[in-house]
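This is what each chain is made of:
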Amino acid sequence: WNATNGRALHALRQPRGVVRRLALSSCGRRLVTSDVMRVFVWDTRLGRFERELPLRGAHVLGIAISSSGSTVAASMDEGVILWNAFTGRLLKVMRIHGSVIDFALLPGGERLLLTFTMAEATVWRIRTRSPMYRLQDARGRFPQRLAFSSDGGVIAACGGDMSRSGSGREKSSWSRIWAASTGELLRSGAADGTYPCSLAVSAKTTMGGLLRL
């Protein structure tokens, strides 16, 4: 749709499988979709399917696209695969210890990748496949939502924790904000009886949607 007037622009039909995930570049020119075993790239201006990316039988857990629309990434059990979105050429296969629970390309994502595993949250330098730093107070946290400021300066995440009490199962939400350049924890928060459902962040403001339980 056109976000200004709500007018429908294109109806895109994935060549195969059910659309399980999608990601739109911040420039708005490219869309990535996936089913369980395949990843597809689209030109949103023309409403045209461009290519299917080679996955070699891997199971797709998540997808992401860089802000410029030039790099596509997909997570699998053993790590993250990256392609050139314009040519479909395989760029990197990054093996990461532990199953990747969530991941994202940081703004300007041709360089930096964030991954969450059971043990830690790490920012990686893609070119060298080497870890740069780990986010403080992220161990054992499983984010339902990840977001980044448009200037790339702030990383935000939120999630929900389940616990048992005498009255049954209780839910609570947590939130964390980190400096993207160092991984330093800037802010943290929690709320009982709520569950996170949305998250957005700008250079100065972070907004979250909570479901009251």
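Residues numbered from 1 in each chain as written. Predicted model: local features only at pLDDT ≥ 70, side-chain atom pairs only at ≥ 80, totals over all residues. Heavy atoms only, no water.

Draft legend 1. Just unusual backbone geometry, in detail. Not every positive phi belongs to a glycine, and R129 is a case in point at roughly 55°. Tracing the backbone shows R129 in the loop between strand 11 (121-125) and strand 12 (130-134). (Helix = DSSP H or I, 4+ residues; strand = E, 2+ residues; numbered from the N terminus.)

Draft legend 2. Structural view of the nonpolar core. Counting 17 residues, the largest nonpolar core has L106, L114, F116, V123, L135, I155 and W178 as its most contacted members. Sorting the residues of this core by element identifies strand 10 (112-116), strand 11, strand 13 (145-148), strand 14 (154-165) and strand 15 (168-179) as the ones contributing at least two each. If one sorts the elements of this core by residue count, strand 10 sits on top with three residues. Residues V41, L53, A58 and W83 belong to the second largest nonpolar core, which totals 16 residues. (Core = buried A, V, L, I, M, F, W, Y, C linked by side-chain atoms within 4.5 Å. Buried < 20%, exposed > 50% of the residue type's maximum accessible area, 1.4 Å probe, protein only.)

Draft legend 3. Summary view of the packing of aromatic side chains. By the definition in use, this model includes two aromatic pairs. When the ring of W42 is compared with that of F49, the centres are 5.4 Å apart and the planes differ by 70°; the resulting orientation is edge-to-face. Note on F49: relative accessible area 32%, which makes it partly exposed. Members of the aromatic cluster, joined through ring pairs, are F40, W42 and F49. (Phe/Tyr/Trp six-rings, centres within 6.5 Å; stacked < 30°, edge-to-face > 60°.)

Draft legend 4. Representation of the pairing of strand 6 (residues 71-76) within the structure. A large share of strand 6 lies buried, amounting to six of its six residues. Side chains T71, A73 and S75 project from strand 6 onto one buried face, and the interleaved V72, A74 and M76 project onto a second face that is buried too. Bridge count between strand 5 (residues 62-65) and strand 6: four bridges; the pairing is antiparallel. Among the inter-strand pairings, G62 is bridged to a residue of strand 6, identified as S75. The turn joining strand 5 and strand 6, which pair antiparallel and follow one another in sequence, is formed by five residues; a positive phi near 85° is taken by G69. Taking the residues between adjacent antiparallel strands as the criterion, strand 6 and strand 7 (residues 79-84) are bridged by two residues. (Pairing = 2+ DSSP bridges.)

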